[in-house]
Amino acid sequence: MHHFSYSDWVRRKAMNTFTRSLTIIVIACMVLTLPTMEGKQNGIHNQAGSGCSCHYSGGSPTLSENFPSTYTAGQTYNIQISVSGGVSGSNGGFNVVVDKGTLSIPGSGIMSVKVDSAGQSATHTTNSYRSWSFDWTAPTTGSGTTSVDIAVLAANGNGATSSDAWTSSSITIPEAGPSNTAPTASNVYISDMPGSPTAITQAYYDTDLFANYAFSDPDGDAESGTQIRWLKGGVEVAQHNDINLLNQGATSIGDIWTLTITPSDGTDLGAKVTSSNSVEIIDYDADGDGYGDQSDAFPNDSNEWADSDSDGVGDNADAFDDDNTQTTDSDGDGYGDNASGNNPDAFPNDANEWLDSDNDGVGDNADAFPNDPTETVDSDSDGVGDNADAFPNDASETTDSDNDGVGNNADAFPNDPTETVDSDSDGVGDNADAFPNDASETADSDLDGVGDNADAFPNDASETMDSDGDNVGDNADAFPNDPTETMDSDGDMVGDNADVFPNDATETSDADEDMIGDNADTDDDNDGLLDTEEATIGTDPFDEDTDGDEVNDKDDALPLDASETMDTDGDGTGDNADTDDDNDGLFDLDELSKGTDRLDPDSDDDGVLDGADVFPMDATETMDSDNDGVGDNADAFPNDPLETVDTDADGVGDNADAFPEDASETMDSDGDGMGDNEQKELEDEAAARMQLMIIIGVVLVLAAVGGLLFMRRKNGDSMEPKETTPLPQADPIQPTQQMYATSTPEPVQPMVAEPTVENQWTDENGHTWRRMSDGSTLWWNGNDWQQA
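As the structure is a prediction and not an experimental result, all values here were calculated from the model.

About the criteria used
Residues numbered from 1 in each chain as written. Predicted model: local features only at pLDDT ≥ 70, side-chain atom pairs only at ≥ 80, totals over all residues. Heavy atoms only, no water. Helix = DSSP H or I, 4+ residues; strand = E, 2+ residues; numbered from the N terminus. Buried < 20%, exposed > 50% of the residue type's maximum accessible area, 1.4 Å probe, protein only. Contact = heavy atoms within 4.5 Å. Salt bridge = Lys/Arg side-chain N within 4 Å of Asp/Glu carboxyl O. Pairing = 2+ DSSP bridges. Axes fitted to C-alpha atoms, helices over the stretch in contact; angles between N-to-C directions. Patch = residues over 30% accessible without salt bridge, like charges linked within 9 Å, V, L, I, M, F, W, Y side chains within 5 Å. Areas by Shrake-Rupley, 256 points an atom, 1.4 Å probe, with all protein chains shown as cover. Core = buried A, V, L, I, M, F, W, Y, C linked by side-chain atoms within 4.5 Å. Lys, Arg positive; Asp, Glu negative; His and termini not counted. Charge placed at Lys NZ, Arg CZ, Asp CG, Glu CD. Phe/Tyr/Trp six-rings, centres within 6.5 Å; stacked < 30°, edge-to-face > 60°. pLDDT = per-residue confidence, 0-100.

## Thoughts on the overall build of the protein chain
From N to C terminus, the protein chain includes four helices and 22 strands. Looking at the protein chain as a whole, 30% of its 788 residues qualify as buried. Taking as baseline every contact in the protein chain between residues at least 6 positions apart, the subset at least 24 positions apart corresponds to 34%.

Okay, structure coming up:
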């Protein structure tokens, strides 16, 4: 057994303290290298009661749910859960726990269900949503009230558990009570006596009507609150509601009454039932003439029922049922015999006459003039009585104003006894008219047989016509049909006014006004083309601009086409119609859009026709091999349509070069603004520093452990034995084990950082994916992350 002094104990305690301190420092360094805690993609089951306590709430979101207020046993309800507000974004999560019934998830792949002793729990498996839908099937009958705990989370999507927002709720859903079956009504009809089994269709006005029906309730419930409705003409009469007796005082003759019954058991109303009969309210008819006593003026006379004029004589016997001053008409002419009554008959025994309005003794029917006592006959029926008619037998005449024996209607001049006829209706009588049958003429002043109106020269017997209206008679006019000409001095058939040479029978015109007649002139229109040339090409020798396009025939490339004057490429098609005026292979419209000259086949004068020149306006370029809009001469990459410039001349075009002005860099794979080459150097340096720090740390740990062992060994060698008191003799004591076991420390492995999430997304099928910093891709299978 070893014995240690107090100083040895102090030294050993100091060494233990040093060892513990060194161990704590090493563990702290290892903990600091661990990554920070991240939020989970999937939810946690059975946490709704305590809420999302693992997240630090940064706001107050709103929870929405549609659990029923009561449930029907075994019925499946589609439940919608959502969270809104709290924090911005679209990430979130939920947990719902029910103690009864069954939760089930449609095949969306974004939720999961767990069943245990606590009940059933549904939660999210991806945090990309803020609304969820699942089914809850209510428990069996008699299960009692169901308890539901709900918690929802609105996450900010930063991958951690801070600055999120959550809320929770607890609800209870009792089971719905038993249902009631509505009653029914049957055998609904109207009778005229209480309890009568006969349904009537008519009833006298002094009869009461009774409602009859049979009530039935499947549940055996007593009748309570049944609705009785009386309808007159199909319209409910509210004052009789719920009364089974319709008193006679409520009905009138001619009414049509029906009945509806809506049965009730005090809880539910049954279907409304209409009576099987309708009842018409009718009157008594003592004389059986079909007219009720209340409306029959003669209730005991079956031949009479009306007295329209109230004269005591029924309408059937009264000749004048609307006139109480007349009752008989002996001659049946519609006029009463009573001379003092209304409409008396002046000829009571003559059925053809009853009035004599003018009191001339001739009845109005026979009197042609019933209101004129001086006339009674109109023999010719012309509306004028024979006494006043000058021609009583001629219906076409009644007067002769000029007493010439011709009635005014036939006399063209009824007030002129010297004229009666105007054959041509020109207003001049035939006796005075020189042309009685010609309405256009009445006089002939020069007695040439042509009326003054038609005679151009009414006072000149040698002339009657001026066909061309030039005031020279046709007989004296050399050109009677030409108002511009009257004479032809040289007899060449061209009037003196139009004849440039009126006294020269060989010439009449001078088209170019050179005082040489056209017959003798070789270029009549003075357009620079001889008349013979114009005859060859078809132009008009007398018109310097044959096609009227204001370009002289000699200067006009197409003198017979008014729409063309030029033919730049000489192909026989004018520039206006020619789609390629300069024949350079480019349409004129294309040249207009490109800015080239449509009349110049090589606009930039580089020796290449515009049609073959990709850059027809740039003399330095003609080709663009990669069709990128930059000519091959200026294009650093003439065969690469994606590149044209290499600013830093590193062989990588500026479009693909992340650092177009730095020849030492071309890529920035992680988009952090630092080139891959520079980043690799820094990462290599960082890795070297880390490796060096690990080596130094391992060396320091080894050195510390070695120093500790050395000090222990040294202390053990220098310990001096103390004086001891001899003990009684005993068996030799076996050597004991050392108090502190020593061991060789294992090499410390360098710590490798876990890969971090660079990007996370959810595809259209609801699967969630992660891109890790080590280049790998993971996907969530509902329980854990799997390598893709």
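## Comments concerning the pattern of salt bridges
In total, this model carries five salt bridges according to the counting rule given. A salt bridge links Asp99 to Lys100, with the shortest nitrogen-to-oxygen separation between them at 3.4 Å. By sharing partners, the salt bridges in this structure join Arg229, Glu236 and Asp242 into a single network.

## A few points about the pairing of strand β2 (residues 76-84)
Covered by surrounding structure in β2 are Tyr77, Ile79, Ile81 and Val83 only, the residues Thr76, Asn78, Gln80, Ser82 and Ser84 on the alternate face being uncovered. As defined by bridge partners, strand β1 (residues 62-65) adjoins β2 across four bridges and the pair is classed as antiparallel. Each residue of the ladder has a partner; that of Thr62, found in β2, is Ser84. Relative to strand β7 (residues 131-137), β2 runs antiparallel, the two sharing seven bridges. Residue pairing in the sheet places Ile79 in a bridge with Phe134 of β7.

## Points about the sheet that holds β1
With antiparallel pairing, the four strands of this open sheet are ordered in space as β1-β2-β7-β4. Each having just a single partner strand, β1 and β4 (102-104) make up the two edges of the open sheet. Each neighbouring strand pair of the sheet contributes to a mean axis angle of 25°, computed without reference to strand direction.

## Details of the pairing of β7
The two faces of β7 differ: Trp132, Phe134 and Trp136 on one face are buried, but Ser131, Ser133, Asp135 and Thr137 on the other face are not. Alignment of β4 against β7, held across three bridges, turns out to be antiparallel. Residue pairing in the sheet places Thr102 in a bridge with Thr137 of β7.

## Quick word on a nonpolar patch on the surface
Together, Leu692, Ile696 and Leu700 line one region of the surface with nonpolar side chains, adding up to about 290 Å² of accessible area. Residue position: Leu692 is located in helix α4 (residues 676-717).

## Here's the deal with unusual backbone geometry
For Asn187, which is not glycine, the phi dihedral falls at a positive 50°. The topology assignment puts Asn187 in strand β10 (residues 184-191). The phi torsion at Ala649 lies on the positive side, around 50°, for a residue other than glycine. Take Ala649: it is sitting in the loop between α3 (588-594) and α4.

## Details of the nonpolar core
In terms of nonpolar packing, the biggest core is built from 23 residues, with Phe67, Ile81, Phe94, Val96, Phe134 and Trp136 touching the most fellow members. Those residues in contact with Phe67, other than ones at most four positions away along the chain, are Ile79, Ile81, Val96, Phe134, Trp136, Val148, Ile150, Ile171 and Ile173. Within the second largest apolar cluster, 16 residues are counted, among which are Ile228, Leu246, Trp257 and Leu259.

## As for a negative patch on the surface
A cluster of acidic residues, Asp670, Asp672, Glu683, Glu758 and Asp774, forms a negative patch at the surface. For Glu758, a relative accessible area of 52% puts it in the exposed group.

## Some remarks on the environment of Phe320
Relative to the helices and strands, Phe320 resides in the loop between β18 (279-282) and α2 (531-537). Here the alpha-carbon distance between Phe320 and Tyr335, two residues 15 residues apart in the chain, equals 8.9 Å. When sequence neighbours within four positions are dropped, the list of residues in contact with Phe320 reads Asp309, Asp311, Gln326, Thr327, Thr328, Asp329, Gly334, Tyr335 and Gly336.

## Digging into the side chain of Asp367
Topologically, Asp367 is positioned in the loop between β18 and α2. Sequence-distant contacts of Asp367, defined by excluding residues within four places in its chain, comprise Asp358, Asp360, Val362, Glu375 and Thr376.

## Topic: the packing of aromatic side chains
On inspection of all chains with the given rule, the structure shows 10 aromatic pairs. A centroid spacing of 6.0 Å and a plane angle of 80° characterise the contact between Tyr71 and Trp136, whose relative ring orientation is edge-to-face. Taken together, the residues Tyr71 in the loop between β1 and β2 and Trp136 in strand β7 connect sequence positions 65 residues apart. Given the relative accessible area of 0%, Trp136 is considered buried. For the ring pair Tyr205 and Tyr284, a centre distance of 5.9 Å and an interplane angle of 80° mean the geometry is edge-to-face. In this pair, Tyr205 is assigned in the loop between β11 (202-204) and β12 (209-216) and Tyr284 in the loop between β18 and α2, connecting sequence segments 79 residues apart. What makes Tyr205 partly exposed here is its relative accessible area of 27%. Cluster of aromatic residues (ring-pair linked, three or more members): Phe67, Tyr71, Tyr77 and Trp136.

## Topic: the environment of Gly473
Residue position: Gly473 is located in the loop between β18 and α2. In this structure Gly473 comes out as buried when scored by relative accessible area, which is 6%. Each C-alpha atom of the pair Gly473 and Glu463 lies 5.8 Å from the other, and the pair is 10 residues apart in sequence. Setting aside its immediate chain neighbours within four residues, Gly473 contacts Phe457, Glu463 and Met465.

## Notes on the confidence of the model for the protein chain
For the protein chain, per-residue confidence averages 84 on the pLDDT scale, and residues scoring 70 or more make up 87% of the total. Predicted confidence for residues 29-39 stays below pLDDT 50, and this span has 11 contacts to residues more than four positions away or in other chains. Across residues 718-745, confidence stays below pLDDT 50; counting only partners more than four residues off in sequence or on other chains, it has 11 contacts.

## Notes on the sheet that holds strand β5 (residues 111-116)
Taken in spatial order, the five strands make up an open sheet running β5-β6-β3-β8-β9, and their pairing is antiparallel. The open sheet has two free edges, formed respectively by β5 and β9 (165-173), since each of these has just one partner strand. In this sheet, neighbouring strand axes are inclined to one another by 15° on average, regardless of whether the strands run parallel or antiparallel. Judged from the nine bridges that link them, strand β8 (residues 146-155) and β9 form a sheet pairing that is antiparallel. Its bridge partner being in β9, Leu153 is matched across the sheet by Trp166.

## A closer look at the environment of Tyr291
Mapped onto the elements of the fold, Tyr291 is located in the loop between β18 and α2. Sequence separation of Tyr291 and Ala306 is 15 residues, and the distance between their C-alpha atoms is 9.6 Å. Those residues in contact with Tyr291, other than ones at most four positions away along the chain, are Tyr284, Asp285, Asp296 and Trp305.

## Details of the side chain of Asp402
By secondary structure assignment, the location of Asp402 is in the loop between β18 and α2. Apart from the residues lying within four places of it in its own chain, the contact partners of Asp402 are Asp411, Phe413, Pro414, Asn415, Asp416 and Pro417.

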